[in-house]
Amino acid sequence: MIRVTFGAAKTKFMICAAALALSACATMYDSAPDANKLAANEPAPNDLLNATLWLQQAVEYKATTDSVYALAHVRLDEALNDPKWTALPDDQKPGYESLPTAIILDADETVLDNSPYQAMLVKTGQTYTDASWTAWAGAGQARAVPGALAFTRAAAAKGVTVFYVTNRNVNVDEGTTRNLKELGFPVKDSINAVMTVGEKPEWTSKKGTRRAEIAENYRVLMLFGDNLGDFVDDYKGSPAARQKVYVTNEGHWGRDWLVLPNPGYGSWESSAFGNDYSLTPGQQRARKLEQLKGWAPE
Ligand SMILES: [Mg+2]
């Protein structure tokens, strides 16, 4: 009887253990679902979802951009107090020390937050097109990147001219300028403070010609951007080539070249698929996956 009872208890124990194991397995599957199998009504994966959500509601994003611009206030005062300080040593001509001062900022994801455009793409399952981007940019409804407004206004109040050198096309120059002004950014009307692609034939997506033109008449104290191309023209190389460009310019980062985070898009991403936009999104994703350096458990 006792043995039978013990046996029954042991059987119950084994059944319970098996049930617990199955339950544990089920829990593991709940927390790590097969990414390729979607339940009914589950949204399709989208490579922009996490980046866009982060930009729109992560306090960690706001804290990051606020931190960059907090450093900018400190660096700007250092730059104003050092007549030889320049962010463009290769472009400044002799005598630049006595020129009026300026700073150069990129627009998108540096001072203007375009996450509503990206959110529209994610929610409607679309990908970027020139037509939808032009409609968004021309509408002038972007918000300010946290920290950018206070910094640029403080710079202008100290007599520093603020330039926005953007790869937005000249066809949205008016909407972009209006957007900046309505947000309260300093935009000088007496000069061409918002410099767009195509305003002059030599103003291409490589921003070097525009930077050099500003350096003719100003001592450029600082550059701001979210893309390597906001600082140098050789930004479209392979990931390894970009690493070399980064190292070559290591004295600038955090000093007179400040970078804002952009996890959604940029030359960092297109570099991973050889800047070959003829590839489908799936082919681009495959190229990116090939380059991830993964842990290989023994
Ligand atoms: Mg940008």
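Residues numbered from 1 in each chain as written. Predicted model: local features only at pLDDT ≥ 70, side-chain atom pairs only at ≥ 80, totals over all residues. Heavy atoms only, no water.

A. Looking closely at the packing of helix 3 (residues 59-80) against helix 6 (residues 148-157). Where helix 3 contacts helix 6, the two axes come as close as 9 Å, and the packing angle between them is 15°. Here helix 3 lies roughly parallel to helix 6, going by the angle between them. The way helix 3 lies across helix 6 gives a crossing that is right-handed. Note on element contacts: helix 6 touches helix 3 through A148, A150, F151, A154 and A155, opposite Y69, A72, H73 and L76. (Axes fitted to C-alpha atoms, helices over the stretch in contact; angles between N-to-C directions. Helix = DSSP H or I, 4+ residues; strand = E, 2+ residues; numbered from the N terminus. Parallel < 35°, antiparallel > 145°, perpendicular 65-115°, else oblique. Left-handed = near helix turned anticlockwise from the far one by under 90°. Contact = heavy atoms within 4.5 Å.)

B. Just the coordination of the magnesium ion, in detail. The magnesium ion binds to the protein through D106 (OD), D108 (O) and D226 (OD); the donor distances cover 2.1 Å. Each donor residue of the magnesium ion lies on the same chain, and together they follow the pattern D-x1-D-x117-D. With D106 in the loop between strand 1 (101-105) and strand 2 (112-113) and D226 in the loop between strand 6 (219-225) and helix 9 (239-248), the pair connects residues that are 120 residues apart, well separated along the chain. For D106, a relative accessible area of 7% corresponds to the buried category. D226 gets classed as buried once you look at its relative accessible area, which sits at 11%. (Donors = N, O, S within 2.8 Å, 3.2 Å for Na, K, Ca; no water. Buried < 20%, exposed > 50% of the residue type's maximum accessible area, 1.4 Å probe, protein only.)

C. Representation of the pairing of strand 4 (residues 161-169) in the model. By the criterion of burial, strand 4 is predominantly enclosed, with seven of the nine residues buried. Alignment of strand 1 against strand 4, held across four bridges, turns out to be parallel. Note that in strand 4 the partner of A102 across the bridge is T161. Bridge count between strand 4 and strand 5 (residues 194-197): three bridges; the pairing is parallel. (Pairing = 2+ DSSP bridges.)

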